[in-house]
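Now for the letters of each chain:
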Amino acid sequence: MFSSTSRVFVTALTSRVCSSSIAGTKQVYCSINPLLDSFRAFENNGIPLFACGLKKAASQICAGDILDRDGAKLQVTKFMWNHGAARASGFISLEMVDLVTGSRTSNKYKIDENLETIDLEKKEMQVIYTSDGKVTLMDSESFEQVEVEESLFGDGKKWLTAEDLTVEVRFHNNEPVYGIVPPKLSVKVVSTPPKDGDPDNTRHVVVEGGHLVAAPGYIKVGDVITIKTIDGSYAGK
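Residues numbered from 1 in each chain as written. Predicted model: local features only at pLDDT ≥ 70, side-chain atom pairs only at ≥ 80, totals over all residues. Heavy atoms only, no water.

**Here's the deal with the overall build of the protein**
Put simply, the test is: Here a strand is any run of E in DSSP of at least two residues, a helix any run of H or I of at least four, and the numbering for each starts at the N terminus. Each residue's exposure class comes from its accessible area (1.4 Å probe, protein chains only) as a fraction of the maximum for that residue type: buried when under 20%, exposed when over 50%, partly exposed otherwise. Each accessible area value is a Shrake-Rupley result obtained with a 1.4 Å probe; residue values ignore everything except the protein chains displayed when judging cover.
Along its length, the protein carries 1 helix and 18 strands. Within the protein, buried positions represent 41% of all 237 residues. With an accessible surface of roughly 12,500 Å², the protein has 48% of that area assigned to carbon and sulfur atoms.

Below, the structure written as structure tokens:
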């Protein structure tokens, strides 16, 4: 059974990889924000975001990885690869948050320096119901039900009221580390403003859960639309 006092400070993630050249020094970085969209891109491309229980070169670390440093469990919130100019050696800069204390830290590492990652277990779980800031989940395989804080899902928690929702939860030593809502969800429209005459004009509709979504003018009450959980934008009908 999970401790109700478990504190989770970094939850649903989005990984982005960018590059830029600054004064002749190329910097490649990835960072995370409170919503998940492209998180699965690494796994779908056959490159696991987490190397569970293994040592990884600093150059292989990315936002979302959880490191074990002197017993502290640190989640990487930002990764920056600084390529040295001329003969200067490059280095990896990591910004991290302690999953227990919530304190933030940053460190620089040699590109080939080995860092120890944390073993994480992935489970698909069905949302049963939400109440008072907590969500009850059921393991899709064992059917065991557990209650966790909604904050486990970061900003994605606002979509936990969607019907027939299956989420992904990552565990360490049977304790939940963070939760992930699907990148896209189907939600029912419960309210629409008066039409302005042009069905192609965008207007804000209210979907289940009370969230506003900018949708085409022809969308009506009762329609089921697809939204992107990364930003709540309309993705189709």
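From this point on, the discussion continues.
**Brief notes about the confidence of the model for the protein**
This is how it is decided: The predictor's confidence in any single residue is recorded as pLDDT, a number from 0 to 100. Throughout, a residue-residue contact means that at least one pair of heavy atoms, one from each residue, lies within 4.5 Å.
Confidence along the protein averages 74 in pLDDT terms, with 73% of residues attaining 70 or more. Scored below 50 in pLDDT, residues 1-52 makes 162 contacts in the model with residues more than four places away or belonging to other chains.

**Some words on the sheet that holds strand β17 (residues 224-228)**
For clarity, the threshold we go by: At least two DSSP bridges between two strands are required for those strands to pair. Axis lines are fitted to C-alpha atoms, over the contacting stretch for helices. Their N-to-C directions set the angle, which ranges from 0 to 180 degrees.
Read from one edge of the open sheet, 5 strands run β16-β15-β14-β17-β18, paired in antiparallel fashion. One side of each edge strand has no neighbouring strand; the edge strands of this open sheet are β16 (211-216) and β18 (233-236). Put simply, the sheet's adjacent strands are angled 60° from each other on average, direction ignored. When strand β14 (residues 184-191) meets β17, the two strands line up antiparallel, connected through 5 bridges.

**So, the sheet that holds strand β10 (residues 134-139)**
Strand order across the open sheet formed by 5 strands is β11-β10-β9-β12-β13, with antiparallel pairing between neighbours. Where the open sheet ends on each side, the last strands, each with one partner, are β11 (145-149) and β13 (175-180). Within this sheet the neighbouring strands show an average axis-to-axis angle of 45°, counted without direction.

**Digging into the nonpolar core**
What counts here: Buried residues of nine kinds, namely Ala, Val, Leu, Ile, Met, Phe, Trp, Tyr and Cys, make up a nonpolar core once their side-chain atoms join them within 4.5 Å.
Grouped together as the largest cluster of nonpolar side chains are 26 residues, with contacts concentrated most on L137, F153, L160, V167, V169, V207 and I225. Residues contacting L137, with those up to four places away along its chain left out, are M125, Q126, V127, I128, E144, Q145, V146, V148, F153, V167 and V169. Counting residues in hydrophobic clusters, the runner-up holds 11 residues, among them I61, L94, Y109 and L115.

**So, the environment of P194**
Residue position: P194 is located in the loop between β14 and β15 (202-207). Judged by relative accessible area, P194 falls into the exposed class, the value being 74%.

**Regarding the pairing of β18**
Both β17 and β18 contribute to a ladder of 3 bridges, which runs antiparallel. Each residue of the ladder has a partner; that of I227, found in β18, is Y234. Connecting β17 to the antiparallel partner β18 that follows it, the hairpin turn spans 4 residues, and G232 within it adopts a positive phi of roughly 70°.

**Let's talk about the pairing of β14**
Where β14 meets β15, 2 bridges bridge the pair, whose relative direction is antiparallel. Bridge assignment links V189 to a residue of β15, and that residue is V207.

**A look at the pattern of salt bridges**
Put simply, the rule is: When a carboxyl oxygen of Asp or Glu lies within 4 Å of a side-chain nitrogen of Lys or Arg, that pair is called a salt bridge.
Applying the stated rule across the entire model yields 6 salt bridges. Linking K73 and D68 is a salt bridge whose minimum nitrogen-to-oxygen distance equals 4.0 Å. Look at K73 and you get partly exposed, because its relative accessible area is 22%. With a shortest N-O distance of 2.5 Å, K134 and E149 are connected by a salt bridge.

**A short note on the packing of aromatic side chains**
Where we set the bar: Pairing of aromatic rings covers Phe, Tyr and the six-membered ring of Trp, with a centre-to-centre limit of 6.5 Å; geometry is then stacked below 30 degrees between planes, edge-to-face above 60, and tilted otherwise. Distance and angle both matter: a charge sits over a ring if NZ of Lys or CZ of Arg is within 6 Å of the ring centre and within 35 degrees of the ring normal.
Within the structure shown, the criterion is met by 0 aromatic pairs. One residue, K123, lies across the ring of F171, its end atom 4.9 Å from the ring centre.

**Re the side chain of T136**
Note that T136 resides in strand β10. Classification of T136 by relative accessible area gives buried; the value is 6%. Discounting chain neighbours no more than four positions away, the residues touching T136 are Q126, V127, I128, Y129, Q145, V146 and E147.

**Describing unusual backbone geometry**
Within the chain, D132 stands out as a residue other than glycine whose phi angle is a positive 50°. Tracing the backbone through its elements, the reader meets D132 in the loop between β9 (121-131) and β10. Even without a glycine there, the phi angle at F143 is positive, about 65°. Among the secondary structure elements, F143 is positioned in the loop between β10 and β11. Residue classification places F143 among the exposed positions, given a relative accessible area of 56%.

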